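Below are the chains, spelled out letter by letter.
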Amino acid sequence: MPEETANTRLEIFCDAVFAISLTLLILELKTPAAETIHNSDDLWHSLKDLLPSVFAFLLSFTIIATQWVNHHEAMKCVNKSTPRFIYANVFMLLTIIMIPFTQSLLAKFGFTKDAAPAVVLYTFVILLCNIGWNLISQTAIKQKLLVKNAAAEAAMKTLSRNVRFAFILYLLCTVLAFWFP
C-alpha cells in the first residue's frame, strides 16, 4: 500500500465526489419507452431525440473529468493542508456536484426557445468552479502549502494565472448567455 501523505484523506474524498458526479451524469440518458416503439424507425427517432442529452452528458463529463485531472495534478504540488485549503477544496467540490443538475436542465431546455435560464445556470456553475479553483490555488500559494521545489511552485503559479484568465472567459459566457444562449 502506498505511503499516506498529509493530504491522502482529502484526495480520497475529492476523488469520491468526482466519481459520483461523473456517474450521476449518465442518469439523464434514458432509454426510450418500449410502448412508444413500434418499429425500427420509431427507435431511430427516439434516439435522435436523445441527442441534446448526449451532448449535455459529453460536455459535462469532459468538464468534470478535466477538473479531476487538474485536481490530481494540483495535489501533486501540495504537501500539507490547512483548514482554509480544505474548505477551498470543499467549495470547489460543491460546484462539481451542481453540474449534474445543470446538465439535466441543459439537456431538456438547452436547444429550445427557452434555453437562456438553463444555459445561464450551467455557465454560472462553471464560473463557480473557476472561483473554487482560484481559492485552491491562492490558498496553496499564500499559505505556503506547496512542495519545496521550483517545478511545483511554477505549476501552481501557472494554474493560478490560467484560472484568473478563465474567470474572465466564464464570466463573459455567463453574461452573454442571457441574450445568446
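The structure reproduced in this document is the subject of the present report. Quick caveat, the model's predicted, so the values are computed rather than measured.

Structural notes on the overall build of the protein
Counting its secondary structure elements, the protein contains 6 helices and 0 strands. Starting at the N terminus and ending at the C terminus, the protein contains elements arranged as α-α-α-α-α-α. Every one of the 181 residues in the protein was classed for burial, and the buried ones make up 38%. For the protein, the share of sequence-separated contacts (at least 6 apart) that also reach a separation of at least 24 residues comes to 80%. Accessible surface for the protein amounts to roughly 11,000 Å². Of this, 70% is attributable to carbon and sulfur atoms. Charge-centre separation for the protein: the mean point of 14 positive side chains lies 17 Å from the mean point of 12 negative side chains.

What to know about the packing of aromatic side chains
Per the counting criterion, the structure on display carries 3 aromatic pairs. Seen from their ring centres, F55 and F111 are 5.6 Å apart, and the 75° between their planes marks the pair as edge-to-face. Here F55, found in helix α3 (residues 51-76), pairs with F111, found in the loop between α4 (83-109) and α5 (116-142); they are 56 residues apart in sequence, far enough to count as distant. Since its relative accessible area comes to 55%, F111 is described here as exposed.

Looking at the layout of surface pockets
In this structure, the largest pocket occupies an estimated 380 Å³ of space. Lining the largest pocket are 20 residues; nearest its centre among them are N70, W133, L159, N162 and V163. Elements supplying a minimum of two residues to the lining of the largest pocket: α3, α5 and α6 (150-177). Here the lining of the largest pocket gets 8 residues from one element, more than from any other, and that element is α6. Grouping the amino acids of the lining of the largest pocket by side-chain chemistry returns 12 nonpolar, 6 polar and 2 charged. Of the voids in this model, the second largest pocket is the one considered here, and its volume is about 190 Å³.

Overview of the nonpolar core
Nonpolar side chains in soluble globular proteins tend to be buried together. F85, I99 and M156 are the most contacted members of the largest nonpolar core, which totals 39 residues. Elements supplying a minimum of two residues to this core: α1 (8-25), α3, α4, α5 and α6. Setting aside residues up to four positions removed in sequence, M156 forms contacts with A74, C77, V78, S137, A140, I141 and L146.

Quick look at α1
For α1, spanning 18 residues, the distance from its first C-alpha to its last is 26 Å, which sits close to the expected 26 Å at 1.5 Å a residue. Burial in α1 covers these residues: T8, L10, C14, V17, F18, S21, L22 and L25.

Concerning the environment of S46
Topologically, S46 is positioned in helix α2 (residues 40-49). For S46, the residues in contact, after removing those within four places along its chain, are P32 and I37.

Remarks on the pattern of salt bridges
Scanning the model with the defined rule gives 3 salt bridges in all. Across the salt bridge formed by E73 and K76, the nearest N and O atoms sit 3.1 Å from each other. Within this pair, E73 and its partner K76 are both found in helix α3, separated by 3 residues, close to a single helical turn.

Calculation criteria
- Residues numbered from 1 in each chain as written.
- Predicted model: local features only at pLDDT ≥ 70, side-chain atom pairs only at ≥ 80, totals over all residues.
- Heavy atoms only, no water.
- Helix = DSSP H or I, 4+ residues; strand = E, 2+ residues; numbered from the N terminus.
- Buried < 20%, exposed > 50% of the residue type's maximum accessible area, 1.4 Å probe, protein only.
- Contact = heavy atoms within 4.5 Å.
- Areas by Shrake-Rupley, 256 points an atom, 1.4 Å probe, with all protein chains shown as cover.
- Lys, Arg positive; Asp, Glu negative; His and termini not counted.
- Charge placed at Lys NZ, Arg CZ, Asp CG, Glu CD.
- Phe/Tyr/Trp six-rings, centres within 6.5 Å; stacked < 30°, edge-to-face > 60°.
- 1 Å grid on protein atoms, 1.4 Å probe; cavity = no way out; pocket = protein on both sides within 12 Å on 5 of 7 lines; lining within 4 Å.
- Points joined across faces, edges and corners; volume = space filled by probe spheres on them.
- Nonpolar A, V, L, I, M, F, W, Y, C, P; charged D, E, K, R; others polar.
- Core = buried A, V, L, I, M, F, W, Y, C linked by side-chain atoms within 4.5 Å.
- Expected span 1.5 Å × (residues − 1).
- Salt bridge = Lys/Arg side-chain N within 4 Å of Asp/Glu carboxyl O.

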